[in-house]
Amino acid sequence: MLRSLFSGISGLRTHQTMLDVTGNNIANVNTTGFKASQTQFKDTLSQVLTNAGGAQGGVGGTNPAQVGLGVQLAGVTTNFQQGAAQVTNRSTDMMISGDGFFVVSKNGENFYTRSGAFDFDANGNLVTAEGALVQGWAAVDGAVDPNGPLAPLRLPTSVLNPASATTQVGFDGNLPSDAALGTVLNRDVEVFDALGNARTITLSFTQSAGAAPADPNRWMLTTSDGGAAQPVAFDADGTLASPGTVTVDGVAVSLADVTGFAKLTSIETASKDGQRAGSLQSFTINADGTIIGAFSNGLKSPVGRIALGTFANPVGLEKAGGSLYTTTVNSGEAAIGTAGAGGRGALVGGALEMSNVDLSQEFTNLIIAQRGFQANSRVITTSDELLQELVNLKR
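Residues numbered from 1 in each chain as written. Predicted model: local features only at pLDDT ≥ 70, side-chain atom pairs only at ≥ 80, totals over all residues. Heavy atoms only, no water.

Caption draft 1: Local environment of helix H1 (residues 3-27). For H1, built from 25 residues, the straight-helix expectation of 36 Å at 1.5 Å per residue is met to within 8% by its first-to-last C-alpha distance of 36 Å. When H1 is considered as a whole, its buried residues turn out to be Leu 5, Ser 7, Gly 8, Ser 10, Gly 11, Leu 12, Thr 14, His 15, Met 18, Val 21, Thr 22 and Asn 25. Packing partners of the buried residues in H1 comprise strand E1 (37-43), strand E3 (65-68), strand E4 (71-78) and helix H2 (359-391). (Helix = DSSP H or I, 4+ residues; strand = E, 2+ residues; numbered from the N terminus. Expected span 1.5 Å × (residues − 1). Buried < 20%, exposed > 50% of the residue type's maximum accessible area, 1.4 Å probe, protein only. Contact = heavy atoms within 4.5 Å.)

Caption draft 2: Representation of the packing of aromatic side chains. The tally for this structure, following the rule as stated, stands at 7 aromatic pairs. Ring geometry for Phe 102 against Phe 118: centres 5.0 Å apart, planes inclined by 80 degrees, an arrangement best described as edge-to-face. On the criterion of sequence distance, the pair formed by Phe 102 in strand E7 (residues 101-106) and Phe 118 in the loop between strand E8 (109-113) and strand E9 (119-120) is long-range, its members being 16 residues apart. Of the two residues, Phe 102 and Phe 118, both sit in the buried class. Taken together, the aromatic side chains of Phe 80, Phe 101, Tyr 112, Phe 311 and Tyr 325 make up a single cluster linked through ring pairs. (Phe/Tyr/Trp six-rings, centres within 6.5 Å; stacked < 30°, edge-to-face > 60°.)

Caption draft 3: Layout of the pairing of strand E22 (residues 251-259). Bridge count between strand E15 (residues 168-174) and E22: 6 bridges; the pairing is parallel. Along E22, the bridge assignment pairs Gly 173 with Val 258. If you look at the hairpin formed by strand E21 (residues 245-248) and E22, you'll find 2 residues sitting between the two strands, and Asp 249 has a positive phi there, around 50 degrees. (Pairing = 2+ DSSP bridges.)

Caption draft 4: Region of interest: the sheet that holds E22. A sheet is described by the order of its strands in space; here 4 strands give the open sequence E21-E22-E15-E23, paired in mixed fashion. Two strands close off the open sheet at either side, each with one partner strand: E21 and strand E23 (268-272). In this sheet, adjacent strand axes meet at a mean angle of 30 degrees when their direction is disregarded. (Axes fitted to C-alpha atoms, helices over the stretch in contact; angles between N-to-C directions.)

Caption draft 5: Quick look at the side chain of Ser 7. Summarising the element assignment, Ser 7 is placed in helix H1. At 3.5 Å, the side chain of Ser 7 and the backbone nitrogen of Gly 70 are in polar contact. Here Ser 7 is in contact with Gly 68, Leu 69, Gly 70 and Asn 376, once residues within four sequence places are set aside. (Polar contact = N/O pair within 3.5 Å; in protein donor to acceptor, adjacent residues only side chain to side chain.)

Caption draft 6: Seen up close, the sheet that holds strand E16 (residues 184-192). The 5 strands lie next to each other as E16-E17-E18-E19-E20, forming an open sheet whose pairing is antiparallel. Here the strands that pair on one side only, and so sit at the sheet edges, are E16 and strand E20 (240-242). This sheet shows a mean twist of 30 degrees between the axes of neighbouring strands, independent of strand direction. Alignment of strand E18 (residues 218-223) against strand E19 (residues 230-234), held across 4 bridges, turns out to be antiparallel. Among the inter-strand pairings, Arg 218 is bridged to a residue of E19, identified as Ala 233.

Caption draft 7: Up close: unusual backbone geometry. Note the cis peptide between Ser 242 and Pro 243, where omega equals -10 degrees. Mapped onto the fold, Pro 243 is located in the loop between E20 and E21. Although it is not a glycine, Asp 249 adopts a positive phi angle of roughly 50 degrees. Under the relative-accessibility criterion, Asp 249 is labelled partly exposed at 41%.

Caption draft 8: Spotlight on H2. Here H2 is 33 residues long and its end C-alpha atoms lie 48 Å apart, about the 48 Å a rise of 1.5 Å per residue gives. Check the buried side of H2 and you find it contacts H1.

Caption draft 9: Seen up close, the pattern of salt bridges. Evaluated as defined, the whole model comprises 10 salt bridges. The salt bridge involving Asp 93 is made with Arg 90; its shortest N-O contact spans 2.7 Å. For Asp 93, a relative accessible area of 2% puts it in the buried group. Arg 90 serves as the salt-bridge partner of Asp 119, at 3.1 Å between the closest nitrogen and oxygen. Linking Asp 119 in strand E9 with Arg 90 in the loop between strand E5 (85-87) and strand E6 (94-97), this pair joins segments that are 29 residues apart in sequence. According to the relative accessible area criterion, Asp 119 is partly exposed, its value standing at 38%. Looking at Arg 90, the relative accessible area reads 36%, which means it is partly exposed. Among the ionic contacts, a cluster of salt bridges with common partners joins Lys 35, Arg 114 and Glu 353. (Salt bridge = Lys/Arg side-chain N within 4 Å of Asp/Glu carboxyl O.)

Caption draft 10: Molecular detail of the pairing of E8. The pairing of E7 with E8 spans 5 bridges and is classified as antiparallel. The residue bridging Ser 105 from the neighbouring strand is Asn 110, located in E8. Where E8 meets strand E29 (residues 324-326), 2 bridges bridge the pair, whose relative direction is antiparallel. Looking at E29, one finds that Tyr 112 is bridged to Tyr 325.

In short, the description is geometric, and any link to function would need to be established separately.
Structural data, given as structure tokens:
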């Protein structure tokens, strides 16, 4: 049989594969996080008709004469170029801007994906559309340890920001030195016990200048816990002389930043610790993957961090369906870490990475594959006509 017949068959087979790959790319033009593939061809073995000859005895060398035996598929590679961003404004949608993959677990096996279309299930687990569990690190007492083992990220509505007792209160501002004798300034401060129960302590400042000639700029402080009145004295330059701290109902109240200048009344609570317990109301995601929860007590605290994985050879990953990839012996093991570190991209919340399929290129590839298929079919037709002529030699 003619060699050209088998070459044409191999050309049909490889161009059909090219059409299959191109068709799959076009079908996934709107698939979140999809990465387009492309085919690579290579020639097969060539039959040697004449070997090369070296120059000798006044005769020049000759080149080898070879006839190729067709084409075969060299590989199908994945293009991991960044896809366009689509803003969704959904708090659970995430996009990796740069290199890296989300780590998800399905049936106890880790997979990797560029699709950040996540949501929460009934148990508060962060999951993909197919129920794979997004992996990361949970916060313990508001701190995240990215060196710990990976675990499914959970954000149940029952998450609480625990209550803590108020131990310190700080005041700043000014007590007017020229206030009329007997002027009273009351300041109420809400504080909490260890269970988050609120109570109010009151500090009353009464102008007592002139009561003691040695202290021309002095106020008397009384507190709601019934303690003895204490003088709050200022030096001639308006700085506090004493006391720096007073204790009210077990809470240390600092007056160190209070001044005693004239014609200005601005003493207020500047800082305090302690809080009531708060339930989770919403969350945001930082560029490093940290999930910041907003609680009903007005505080914000980390509740977890999303893990990303990178590979020495991401093209070596194997597609596992559902926009997931799995490792192979040629991809290397995943280097797990946080976003923005170790060559990993930053996370963008409220957005998704779209497919990186270039339709103009894919339609061009369709034309190339179609013409290649047609040309190889013409080779088969021509070879068949030659064989027909041979058969017809004897009639």
